Amino acid sequence: MTPHTPRTPRTPGTPGTPGTPTPLLREPLAVRRFGQHFTPEEIADPDAVWPSDGPHEWGERCCGLACLRMLLDFHGLAVPDRLPLLHHGLALGAHTPQGWLHAGLVRLAAAYGLQGHASPFGGPEPLQELAAAGTPSIVSCSFRFPEDGRKGGHLVLFTGEFDKDGEVYAGFADPSRWGADHTAVPAARFWSSWTGRAVVLTPVGESAA
C-alpha cells in the first residue's frame with residue numbers, strides 16, 4: 001500500500017506530541033479491520049478443535065492476534081484463519097494469563113513473513129513518525145481509551161494522526177466489537193491510556209522508516 005501524503009507538520013505542544021513537530025496524515029492509513037471474536041460459522045464448525053475455555057472466552061482474548069492479521073493484510077501477506085493462528089500462538093507460549101506477550105507476537109509474526117520488535121517508547125513521537133511514513137503499529141492501551149488513569153489491557157493498531165476540525169485525532173483499527181463503529185478519537189485521549197509499549201512489524205527484508 002502507498003502511504004498517504006503527510007500534510008503540514010503540527011506546531012510543538014499540540015496534544016500527543018509534547019515539544020516535537022510530527023507530520024499529520026490527510027487521513028489514517030487504510031487498514032482493513034479484522035475482528036477478534038470468532039464468527040458463528042467458526043463456532044459451529046464440527047471439525048473445530050478449541051483450546052480450553054472455548055471460543056467465546058478466547059474471542060475476548062484475541063485482540064493481539066487480530067492486530068497481527070490486520071498487519072499481514074496491510075502488507076499484502078497471506079492472512080491465516082483465526083483458530084489456526086490461535087493454536088500456533090499458544091504452541092509458541094505467546095499467551096499468558098495476563099494476556100499476549102508482545103515478544104511472543106513478534107515470534108509468531110516471523111512465521112508469517114513479518115519481522116520487528118516489541119519495545120517501550122519514551123513517547124508517542126516514533127510511532128507517529130512511523131505512521132506518517134506508512135507503517136502502522138500495535139499499541140497497548142485500554143479498552144475504549146478512558147481518561148481515568150487506566151492503562152493497558154487491550155491491543156489496537158495505530159494508523160496515524162490527522163486533523164479533524166482543527167483538532168488532532170488518532171486513527172486506529174480496534175478488533176473489539178466497539179471498534180467496529182469507532183476508528184478515531186482525539187489524540188490526547190488515545191495516548192492517555194497507552195502503556196508506552198508497542199510492537200512494530202514490517203515485512204521480512206524491509207525496515208521500518
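See the structure shown above.
Keep in mind that what you see is a predicted model, and the values were worked out from it rather than measured.

A look at helix α3 (residues 63-74)
Side chains that are three or four residues apart share a direction in an α-helix, a result of its 3.6 residues per turn. Over its 12 residues, α3 extends 16 Å from the first C-alpha to the last, a length consistent with the 16 Å expected when each residue adds 1.5 Å. Burial analysis of α3 places 12 of its 12 residues in the buried class, the great majority of the element. Three or more residues of α3 are buried, namely Cys63, Gly64, Leu65, Ala66, Cys67, Leu68, Arg69, Met70, Leu71, Leu72, Asp73 and Phe74. Two residues or fewer after α3 comes Gly76, characterised by a positive phi angle close to 75°.

Observations concerning the nonpolar core
Nonpolar side chains tend to gather and get buried jointly when the protein is soluble and globular. In terms of nonpolar packing, the biggest core is built from 54 residues, with Leu127, Phe190 and Leu201 touching the most fellow members. Considering every element that reaches this core, the biggest residue donor is α3, with 8 residues. If sequence neighbours within four positions are ignored, Leu201 has contacts with Leu68, Leu71, His75, Val106, Ala109, Leu114, Gln115, Gly116, Thr135 and Ile138.

Some remarks on the layout of surface pockets
Looking at the largest pocket, its volume works out to about 370 Å³. Around the largest pocket sit 20 residues that line it, and Glu60, Arg61, Cys63, Gly153 and His154 are the ones nearest its centre. Counted by class, the lining of the largest pocket contains 5 nonpolar, 12 polar and 3 charged residues.

Quick word on the pattern of salt bridges
One pass over the structure, following the stated rule, counts 6 salt bridges. Here Arg61 makes a salt bridge to Asp53, at a shortest N to O gap of 3.0 Å. A salt bridge links Asp148 to Arg150, with the shortest nitrogen-to-oxygen separation between them at 2.8 Å. The structure contains a network of salt bridges with shared partners spanning Asp53, Glu57 and Arg61.

What counts and what doesn't
Throughout this document, residue positions are counted from 1 along each chain, in the order its sequence is written. Local features in a predicted model are, by the rule used here, given only for residues with pLDDT of at least 70; side-chain atom pairs are given and counted only at 80 or more, and totals for whole chains, interfaces and linings are based on all residues. As a rule here, side-chain values come from all non-hydrogen atoms in the structure, and water together with hydrogens is ignored. Only DSSP runs of H or I reaching four residues or more are called helices, and only runs of E reaching two or more are called strands; each is numbered from the N terminus. Expected helix span is computed as 1.5 Å times (number of residues minus one). To sort residues, take the accessible area from a 1.4 Å probe on protein chains only and compare it with the maximum for the residue type: under 20% means buried, over 50% means exposed, and anything in between is partly exposed. Throughout, nonpolar core names a set of buried Ala, Val, Leu, Ile, Met, Phe, Trp, Tyr and Cys residues whose side chains join them through atoms within 4.5 Å. Contacts are residue-level and defined by heavy atoms, with any inter-residue pair within 4.5 Å sufficient. Here a cavity means grid points, on a 1 Å grid over the protein atoms only, where a 1.4 Å probe fits yet cannot get out; a pocket means an open set of points with protein on both sides within 12 Å along at least five of seven lines; lining residues are those with an atom within 4 Å of a point. Grid points are joined across faces, edges and corners, and a volume is the space filled by probe spheres set on the points. In this classification, the charged set is Asp, Glu, Lys and Arg, the nonpolar set is Ala, Val, Leu, Ile, Met, Phe, Trp, Tyr, Cys and Pro, and all remaining amino acids, among them Gly, are polar. Basic side-chain nitrogens of Lys or Arg form a salt bridge, by our definition, when they fall within 4 Å of a carboxyl oxygen of Asp or Glu.

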